[in-house]
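Here are the chains, one letter per residue:
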Amino acid sequence: RANGFLPNAIHFGVVPDPEGERVGNGGAMLGAMRYVAEHSGRSDFRNLKTMVLLSSGDSRRVPQYSAMGKVFSPVPRELPNGRPSTLFDEMMMTMIGVPQKTNHGMLILSGDVMLAFDSDQIPDNLDEAFAIAFPEPAKMGANHGVFLNNEYGYIAKVWHKQKAEVLGSYGAVDNEGCVNIDTGAVFFTAKMLENLYRLICNDKGQCTQESFHQIVNNEIAPSLYVDFFYPLAAESTFDGYMAEKPEGHMSSELIKMRESVWHILRPFRIRLLRLELS
């Protein structure tokens, strides 16, 4: 900000995992929500447009960038001011056109994925939740999340790291041999955030340190893309959700949290935006 790289009109914040714990990307999202609620004075998230870059983790594939944060990994491109570009710079340039397309809510991005697309592909005045996917060969689905949309354009099913032949048997492979690859980019509406915020509040509707830590901790370590995404898929089931393999380890605390999340998020649906790479 001091060097003029960040606009003064936008509030920027950095939210670490609490007390050095590994709380998962779902826990990191809840931490960001708590930060936004505390700094805006609003827990209904209305009239707010927020972008969250999830950038913690070990960065095992490129450990040399772990300390600075994966989102600040260098990109082999020079910016107009002569400075080497980073994932953060590229994300800001790609996403700068998204807020004018959406209603109030939160855009969540994975800090180690560089997305390059024309934001004009996103429909104008979009007032519902959505996830961004790109068509890729089915064999790539073995290393990623894959979406299947229904006839109404909403996500019907979600799979994580399934073999290409398995995805084919599920009907997730199109006529060109491609699947909808999860990019990690997802938009939650203000109403979804307001309901999800209750997860870290006490019986009085207050988010205290105690109520926050009951969900955001090492034992549960919720996953945004498993624990918060699965209930939104139109054809998901409660039993299937309970049996879904967690990012960490299964525990009684995680099962109890999933029961709450199912009731909180199940009424909502999420649209699939299949975009083309720039």
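As shown above, the structure is provided for reference.
Residues numbered from 1 in each chain as written. Predicted model: local features only at pLDDT ≥ 70, side-chain atom pairs only at ≥ 80, totals over all residues. Heavy atoms only, no water.

### Considering the nonpolar core
Point 1. In this structure, Phe188, Leu196 and Phe228 are the most contacted members of the largest nonpolar core, which totals 53 residues.
Point 2. Residue contributions to this core peak at 7 residues, all from helix H1 (residues 24-40).
Point 3. Discounting chain neighbours no more than four positions away, the residues touching Leu196 are Met29, Leu30, Met33, Phe188, Phe228, Ile264 and Leu265.
Point 4. Counting residues in hydrophobic clusters, the runner-up holds 19 residues, among them Met91, Met92, Met95 and Leu126. (Core = buried A, V, L, I, M, F, W, Y, C linked by side-chain atoms within 4.5 Å. Buried < 20%, exposed > 50% of the residue type's maximum accessible area, 1.4 Å probe, protein only. Helix = DSSP H or I, 4+ residues; strand = E, 2+ residues; numbered from the N terminus. Contact = heavy atoms within 4.5 Å.)

### A short note on the layout of surface pockets
Point 1. Roughly 1400 Å³ of volume is contained in the second largest pocket.
Point 2. Lining the second largest pocket are 40 residues, and of these Phe12, Gly13, Met51, Val52 and Leu53 lie nearest its centre.
Point 3. Of all the elements in the fold, those that place two or more residues in the lining of the second largest pocket are H1, strand E1 (49-54), helix H2 (87-95) and strand E4 (105-110).
Point 4. Split by residue class, the lining of the second largest pocket holds 27 nonpolar, 11 polar and 2 charged. (1 Å grid on protein atoms, 1.4 Å probe; cavity = no way out; pocket = protein on both sides within 12 Å on 5 of 7 lines; lining within 4 Å. Points joined across faces, edges and corners; volume = space filled by probe spheres on them. Nonpolar A, V, L, I, M, F, W, Y, C, P; charged D, E, K, R; others polar.)

### Quick word on unusual backbone geometry
Trans is the common state for peptide bonds, and a negative phi is the common state for residues other than glycine.
Point 1. With a phi angle near 60 degrees, Asn47 is a residue other than glycine that sits in the positive phi range.
Point 2. Given a relative accessible area of 54%, Asn47 falls into the exposed group.
Point 3. The phi dihedral of Asn125 falls on the positive side, at around 55 degrees, and the residue is not glycine.
Point 4. Tracing the chain through its elements places Asn125 in the loop between E4 and strand E5 (130-137).

### Some details on the packing of H1 against helix H4 (residues 190-197)
Point 1. Packing of H1 against H4 leaves a shortest axis separation of 11 Å and a crossing angle of 100 degrees. In terms of their interaxial angle, H1 and H4 are classed as roughly perpendicular. Contacts between H1 and H4 involve Met29, Leu30, Met33, Arg34 and Ala37 from the former and Leu193, Leu196 and Tyr197 from the latter.
Point 2. In the contact of H1 with H4, the residues fall into 7 nonpolar, no polar and 1 charged. (Axes fitted to C-alpha atoms, helices over the stretch in contact; angles between N-to-C directions. Parallel < 35°, antiparallel > 145°, perpendicular 65-115°, else oblique.)

### Some thoughts on the state of the cysteines
Point 1. Using the criterion set out here, one finds 0 disulfides in the structure.
Point 2. Residue Cys201 stays outside any disulfide, its sulfur separated by 5.1 Å from that of Cys207, the closest cysteine. (Disulfide = S-S within 2.5 Å.)

### Looking at the packing of aromatic side chains
Point 1. A full pass over the atoms with the stated rule returns 9 aromatic pairs.
Point 2. Residues Phe72 and Phe88 carry aromatic rings whose centres are separated by 5.4 Å and whose planes lie at 35 degrees to one another, so their mutual orientation is tilted. Remark: Phe88 occurs in helix H2 and Phe72 occurs in the loop between E1 and strand E2 (74-78); sequence separation between them is 16 residues.
Point 3. According to the relative accessible area criterion, Phe72 is partly exposed, its value standing at 40%.
Point 4. Judged by relative accessible area, which is 16%, Phe88 ranks as buried.
Point 5. Consider the rings of Trp159 and Tyr170, whose centres lie 5.0 Å apart with planes at 10 degrees: the pair is stacked. Of this pair, Trp159 sits in strand E7 (residues 155-160) while Tyr170 is found in the loop between helix H3 (164-169) and strand E8 (178-189), placing the two residues 11 residues apart along the sequence.
Point 6. Here the aromatic cluster, defined as three or more aromatic residues joined through ring pairs, consists of Tyr230, Phe238, Tyr241 and Trp262.
Point 7. Over the ring of Tyr241 we find Arg258; its NZ or CZ atom is 5.3 Å from the centre of that ring. (Phe/Tyr/Trp six-rings, centres within 6.5 Å; stacked < 30°, edge-to-face > 60°. Lys NZ or Arg CZ within 6 Å of the ring centre and 35° of its normal.)

Note that all results are geometric; they support no functional claim without further evidence.
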